[in-house]
Amino acid sequence: MLSNNNSILRVGDWIKGKSRDGELFIGYIESLDILDEKVNATITSSDDETIVGKTIPISSSGIKKLPDPNVKNKEQIQYLIDLALATGDEEWFLELSEKLNSMRELVKGV
């Protein structure tokens, strides 16, 4: 855990920020370096297309944690499952699959 801007950062959190050159980026935290107050983040979207898909070190003071998604329907969960597969996040994939299966069970019971 690492703290910044009144947020606690954890591995797997989605973040946004600006690079040293001012380009905006969105990504998720792969690992934390508590001593240097940095995170290693995999960039999923950026104004600088050369960093998309790469894991780069970023100062924790230069990022903001994105709010957790409030998933309300099956289509949103399916989209997030695709994103979990694209990013190779097995734990998130399993968590989302469980939510989707729970939704299906509720519909069957009605």
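Going by the structure above, here's the rest.
Summarised in this report is the structure supplied together with it. (Residues numbered from 1 in each chain as written. Predicted model: local features only at pLDDT ≥ 70, side-chain atom pairs only at ≥ 80, totals over all residues. Heavy atoms only, no water.)

### What about the environment of Leu 83?
You can see Leu 83 is positioned in helix α1 (residues 74-87). The class of Leu 83 is partly exposed, set by a relative accessible area of 23%. As for Leu 83 and Phe 93, which are separated by ten residues in sequence, their C-alpha atoms are 8.5 Å apart. (Helix = DSSP H or I, 4+ residues; strand = E, 2+ residues; numbered from the N terminus. Buried < 20%, exposed > 50% of the residue type's maximum accessible area, 1.4 Å probe, protein only.)

### Focus: a negative patch on the surface
Residues Glu 90, Glu 91, Glu 95 and Glu 98 make up a contiguous surface patch of negative charge. Mapped onto the secondary structure, Glu 95 falls in helix α2 (residues 90-109). (Patch = residues over 30% accessible without salt bridge, like charges linked within 9 Å, V, L, I, M, F, W, Y side chains within 5 Å. Areas by Shrake-Rupley, 256 points an atom, 1.4 Å probe, with all protein chains shown as cover. Salt bridge = Lys/Arg side-chain N within 4 Å of Asp/Glu carboxyl O. Lys, Arg positive; Asp, Glu negative; His and termini not counted. Charge placed at Lys NZ, Arg CZ, Asp CG, Glu CD.)

### What to know about the pattern of salt bridges
Counted under the stated rule, the structure contains one salt bridge. Across the salt bridge formed by Lys 65 and Asp 13, the nearest N and O atoms sit 3.8 Å from each other. On the criterion of sequence distance, the pair formed by Lys 65 in strand β7 (residues 63-65) and Asp 13 in the loop between β2 (7-9) and β3 (14-18) is long-range, its members being 52 residues apart. Residue classification places Lys 65 among the partly exposed positions, given a relative accessible area of 24%.

### Section: the sheet that holds β7
Strand order in this open sheet of five strands is β6-β5-β4-β3-β7, and the pairing throughout is antiparallel. Each having just a single partner strand, β6 (55-59) and β7 make up the two edges of the open sheet. Adjacent strand axes in the sheet meet at a mean angle of 45 degrees, parallel and antiparallel pairs treated alike. Sheet topology places β3 next to strand β4 (residues 24-33); five bridges connect them, and they run antiparallel. Each residue of the ladder has a partner; that of Gly 17, found in β4, is Phe 25. (Pairing = 2+ DSSP bridges. Axes fitted to C-alpha atoms, helices over the stretch in contact; angles between N-to-C directions.)

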